[in-house]
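Working through the structure, step by step
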Amino acid sequence: MTAAQFPEGFLWGAATAAHQVEGGNVNNDHWEAEHSPHSPFAEPSGDACDSWHRWPEDLDLVAGAGLTAYRFSLEWSRIEPEEGEFSRAALDHYRRVLDGCRDRGLAPVVTLVHFTQPRWLLRDGGWTGQKTGDRLARFAEYALPVLADAEYVCTLNEPNLMAAQPVMGAMAMRGEEIRGLPRPDQGVAEALLGLHGRAMDVLRGNVRAAGMTLVGREHLAEPGGEERMREERAAFEDQFLEVARDDDFLGLQVYTAARFDGGGLVAPAPELQTLAHGMERRPQALGAAVARAAEVLPGLPLLVTENGIATADDDDRIAFTRDALTSLAGAVEGGADVRGYLHWSLLDNFEWMLGYRPTFGLVAVDRRTFARTPKPSLIWLGEVARRNGLA
Ligand code: BGC
């Protein structure tokens, strides 16, 4: 078998998100939830990785390894700390990060919203609020001086997961077992797709390429589960893909597969290996999810905006990523127009409700000193990038 190779100009990078690495994002909904009396968060985000100050070091690590792209997100609550009150200084910060990418030869991939929202927005309806579309459009407009020079702009991070979150919250309240990502709440899904559209109206023609990112997964049917799988896939994936059809590109973030029988989502069988969150260890889900998106949206450029594994065993991170990339090369060979691969994540960072325990990073971060220590997986991915393929 010949080693997997990728198309010329393919981007190789690492991804982060503001709240997970910056630290001190005291003015958003997550900070508030982290500090609420019955917080479901294992611990607060606190100083995170202090990337708000240490971003030049982060970019040096990415570029130094031989990678060619870096994904980061804008923190809305810093740029618009009160409704209608914008911080020029915060926007300038992100401009410096963007210029820092370009100075190091890194293609910047910038996300407008990666899960967090300002507290003032939460108080006024949050993602489903009546005025949220206007407010998001205004935020996108204000951020154009940064976004205009990004290689790719992602509007919302994973609206299909965001719309499944309220369903998971309700299940948790009822004490039900959560086996994987459930079917999204349809009202929330439609509201988020509407918001994506409002952002696209501002971005189209003003940035190089704009689109959303979605959780992509391999949908598998157990015996008798075909029909149910198709229904669930339509709700979790197809309705979002339809909206992405007119975008400049689609970002896919793939971690695992989802299995269905006649009764719905089934937990992976005990003989299958599982990961943090109880997800099935299935690296080849990457190729499968990308191939399906390419089949539904022929010709649309695709970018893998996240893929990775939470593990303390860095050799396993390399093994997982190698298998995932092999499957991705298969999808490319099958005709998918894939423009790049961004690993989640550059740093061991704040993994939302699970706190700092799961480690997705190519680089370890000392929780006390913030010292960064590259792992062998960073060196390995850099070699893959230099070779533009697997050895
Ligand atoms: C999110 C990241 C998260 C990662 C690993 C993705 O769904 O975009 O913010 O850390 O998965 O769970």
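Above this text you will find the structure in question.
What comes next is a walk through the structure.

1. A word on the pattern of salt bridges
Scanning the model with the defined rule gives 36 salt bridges in all. Measuring nitrogen to oxygen at the nearest pair gives 2.8 Å for the salt bridge that ties Arg135 to Asp124. Here the residue Arg135 occupies a position in helix α7 (residues 132–142), and Asp124 occupies one in the loop between α6 (119–123) and α7, the gap between them amounting to 11 residues. On the accessibility criterion, Arg135 (7% relative accessible area) is buried. The class for Asp124 is partly exposed, based on a relative accessible area of 34%. Here Arg282 and Glu218 are joined by a salt bridge, their closest N and O atoms 2.5 Å apart.

2. Some remarks on the packing of aromatic side chains
Pairs of aromatic rings are described using the distance from one ring centre to the other and the angle between the two planes. Following the criterion strictly, the structure yields 16 aromatic pairs and no others. Look at Phe6 and Phe10: their rings are 4.8 Å apart centre to centre, the planes differ by 40°, and that puts the pair in the tilted class. Of the two residues, Phe6 and Phe10, both sit in the buried class. One residue, Arg78, lies across the ring of Trp52, its end atom 3.8 Å from the ring centre. Taking the ring centre of Phe236 as reference, the NZ or CZ of Arg217 above it sits at 3.8 Å.

3. Description of helix α13 (residues 314–333)
End to end, α13 covers 28 Å across 20 residues, agreeing with the expected 28 Å (1.5 Å per residue, within 8%). Of the residues making up α13, those classed as buried are Asp314, Arg317, Ile318, Phe320, Thr321, Ala324, Leu325, Ser327, Leu328, Ala329, Ala331 and Val332. Elements in contact with the buried residues of α13: β1 (11–15), β6 (250–261), α12 (285–296), β8 (302–307), β9 (338–344) and α14 (376–387). Its side-chain oxygen 3.0 Å from the backbone nitrogen of Asp315, Asp313 forms the N-cap of α13. At the exit of α13 stands Gly335, carrying a positive phi of roughly 115°.

Calculation rules
Residues numbered from 1 in each chain as written. Predicted model: local features only at pLDDT ≥ 70, side-chain atom pairs only at ≥ 80, totals over all residues. Heavy atoms only, no water. Salt bridge = Lys/Arg side-chain N within 4 Å of Asp/Glu carboxyl O. Helix = DSSP H or I, 4+ residues; strand = E, 2+ residues; numbered from the N terminus. Buried < 20%, exposed > 50% of the residue type's maximum accessible area, 1.4 Å probe, protein only. Phe/Tyr/Trp six-rings, centres within 6.5 Å; stacked < 30°, edge-to-face > 60°. Lys NZ or Arg CZ within 6 Å of the ring centre and 35° of its normal. Expected span 1.5 Å × (residues − 1). Contact = heavy atoms within 4.5 Å. Polar contact = N/O pair within 3.5 Å; in protein donor to acceptor, adjacent residues only side chain to side chain.

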